[in-house]
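# Commentary on secondary and tertiary structure
If you want the building blocks of each chain, they are given just below.
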Amino acid sequence: RGFVYDSRNNLQMRGLVVLLISKAAGPSTAELSFQHNMVSGIYSSQRSLAEITELIHTAFLVHRGIVNIGELKSCDGPLKDMQFGNKMAVLSGDFLLANACTSLAQLKNTKKKKKKNLLTKQVVELISSAIGDLVQGIYYENSKLSEENCLTDDIGIATWKEQVFLSHSALLAKSCQAAMELAKHNAEIQDMAFQYGKHMSMSHKLHSDLQPFVKENPSDSVVFSLNSAPAVLHQEFLGREAWIKQIRDFCYPCVFQQLQDAIKAGKGVTSAIDLCRYHGNRALAALESFPPSEARSALANIVYAVTRF
């Protein structure tokens, strides 16, 4: 856990959100066989789901830590150590995923005996599809890294949002929906939980991408991705050819700050801030379907924390 902690205090955010939205929704009006398993407004199966969500997220963080051996130089350290580290990262991530799948299969169902496995099956399908989305999203992120002279993806903001949903939002959105399914809430509440998880995580991703461009101290240069939201929006406004020329002119250590300044001077940053607030507002709108409570207020505060610039 300490190894994958990224200093941004968001390692356990997904499990926390699943617990909060479970509590915000409260008990279902459906006749459930395990009402006595509710503690502090949360069913035991929902707590298990929160742990499963965190296990899956942590497993993919470990897998993302794998190093491309082909890009290493002798000054980076012994290659044998890096090869061993890669093997351990693969095995560790697989171990966490295996534990998550085992726990998922053990989730208790809430249906009568003749439909014993229906609910668990629906939840398993949701989380399994989220794992598939994560794999697909990470594949998109890395698909062009091996291409020669590929400085940045030729994508618009619509494609960027589709890819970010797969790699960052799908797991949380579908986990929130699955938490509602476990308590047998109706389809409308399930959809609102999905929408909150989707739009809240999108706003968090946009907030993270914006940090190098909205820091209070402009003298500190922070490395940023050329495929981050401000850069993608900057490319849309500037045009692909002009963007590539700008990268080639400025992508050297001594003038990297100039590329950052060029993006700040364009419309990309302000458009990314607007997009962040848009997704934040969509998340807050989804919360209106839940009754007022401390849990709902906490979920709203998670959105406010990343949409106030």
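Cut-off values and rules
Residues numbered from 1 in each chain as written. Predicted model: local features only at pLDDT ≥ 70, side-chain atom pairs only at ≥ 80, totals over all residues. Heavy atoms only, no water. Helix = DSSP H or I, 4+ residues; strand = E, 2+ residues; numbered from the N terminus. Expected span 1.5 Å × (residues − 1). Bend = angle between axes of the 7 residues up to and from the residue. Buried < 20%, exposed > 50% of the residue type's maximum accessible area, 1.4 Å probe, protein only. Salt bridge = Lys/Arg side-chain N within 4 Å of Asp/Glu carboxyl O. Core = buried A, V, L, I, M, F, W, Y, C linked by side-chain atoms within 4.5 Å. Contact = heavy atoms within 4.5 Å. 1 Å grid on protein atoms, 1.4 Å probe; cavity = no way out; pocket = protein on both sides within 12 Å on 5 of 7 lines; lining within 4 Å. Points joined across faces, edges and corners; volume = space filled by probe spheres on them. Nonpolar A, V, L, I, M, F, W, Y, C, P; charged D, E, K, R; others polar. pLDDT = per-residue confidence, 0-100. Axes fitted to C-alpha atoms, helices over the stretch in contact; angles between N-to-C directions. Left-handed = near helix turned anticlockwise from the far one by under 90°.

Helix length check: helix 5 (residues 157-182) (26 residues) gives 35 Å between terminal C-alpha atoms against 38 Å at 1.5 Å per residue, within 8%. At serine 169, helix 5 shows its largest bend, some 65°. For helix 5, a buried count of 21 out of 26 residues is recorded, marking the element as mostly surrounded by other parts of the structure. Just downstream of helix 5, lysine 184 is the residue with a positive phi angle, here 60°.

Taken as a whole and judged by the stated rule, the model has three salt bridges. Of the charged contacts, one joins lysine 205 and aspartate 209 as a salt bridge, the two residues approaching to 3.2 Å between their closest N and O atoms. On the criterion of helical spacing, the pair formed by lysine 205 and aspartate 209 is a turn pair, its members being four residues apart in helix 6 (residues 187-214). Residue classification places aspartate 209 among the buried positions, given a relative accessible area of 9%.

In this structure, Val17, Ile56, Tyr196, Met200 and Phe290 are the most contacted members of the largest nonpolar core, which totals 49 residues. Sorting the residues of this core by element identifies helix 1 (13-25), helix 2 (44-64), helix 3 (79-105), helix 4 (118-142), helix 5, helix 6, helix 10 (268-287) and helix 11 (294-307) as the ones contributing at least two each. In contact with tyrosine 196, not counting residues within four places along its chain, are Val17, Ile21, Ala283, Ala286, Leu287, Leu299, Ile302 and Val303. Val164, Met202, Leu259 and Val269 belong to the second largest nonpolar core, which has 23 residues in total.

The space that makes up the second largest pocket amounts to roughly 380 Å³. When residues in the lining of the second largest pocket are grouped by element, the largest group, five residues, is from helix 4. Tallied by class, residues from the lining of the second largest pocket come to six nonpolar, three polar and three charged.

Here we come to the confidence of the model for the protein chain. Of all residues in the protein chain, 80% attain a pLDDT of 70 or more, and the chain-wide mean is 82. With pLDDT under 50 throughout, residues 109-116 is counted as low confidence; its partners more than four residues away or in other chains account for twelve contacts.

With respect to the secondary-structure elements, histidine 63 resides in helix 2. Measuring from C-alpha to C-alpha, the distance between histidine 63 and alanine 89 comes to 5.9 Å, with 26 residues separating the pair along the chain. When sequence neighbours within four positions are dropped, the list of residues in contact with histidine 63 reads Ala89, Val90, Gly93, Asp94 and Leu97.

Turning to the packing of helix 1 against helix 6, a few remarks are in order. A pair of packed helices is characterised by two quantities: the angle between their axes and the separation of those axes. Axis separation between helix 1 and helix 6 bottoms out at 12 Å; the angle between their running directions is 145°. By crossing handedness, the relation of helix 1 to helix 6 is classed as right-handed. Contact residues: helix 1 offers Met13, Val17 and Ile21, while helix 6 offers Ala193, Tyr196, Met200 and His204. Partitioning the contact of helix 1 with helix 6 into residue classes produces six nonpolar, one polar and no charged.

Within the secondary structure, serine 167 is located in helix 5. When its relative accessible area of 6% is taken as the criterion, serine 167 is described as buried. If sequence neighbours within four positions are ignored, serine 167 has contacts with Arg64, Asp133, Leu134, Gly137, Ile138 and Glu141.

In this structure, serine 40 is a non-glycine residue whose phi angle is positive, near 55°. By secondary structure assignment, the location of serine 40 is in the loop between strand 1 (38-39) and strand 2 (42-43). One non-glycine residue with positive phi stands out, namely lysine 184, at about 60°. When you line up the elements, lysine 184 lands in the loop between helix 5 and helix 6. Given the relative accessible area of 26%, lysine 184 is considered partly exposed.

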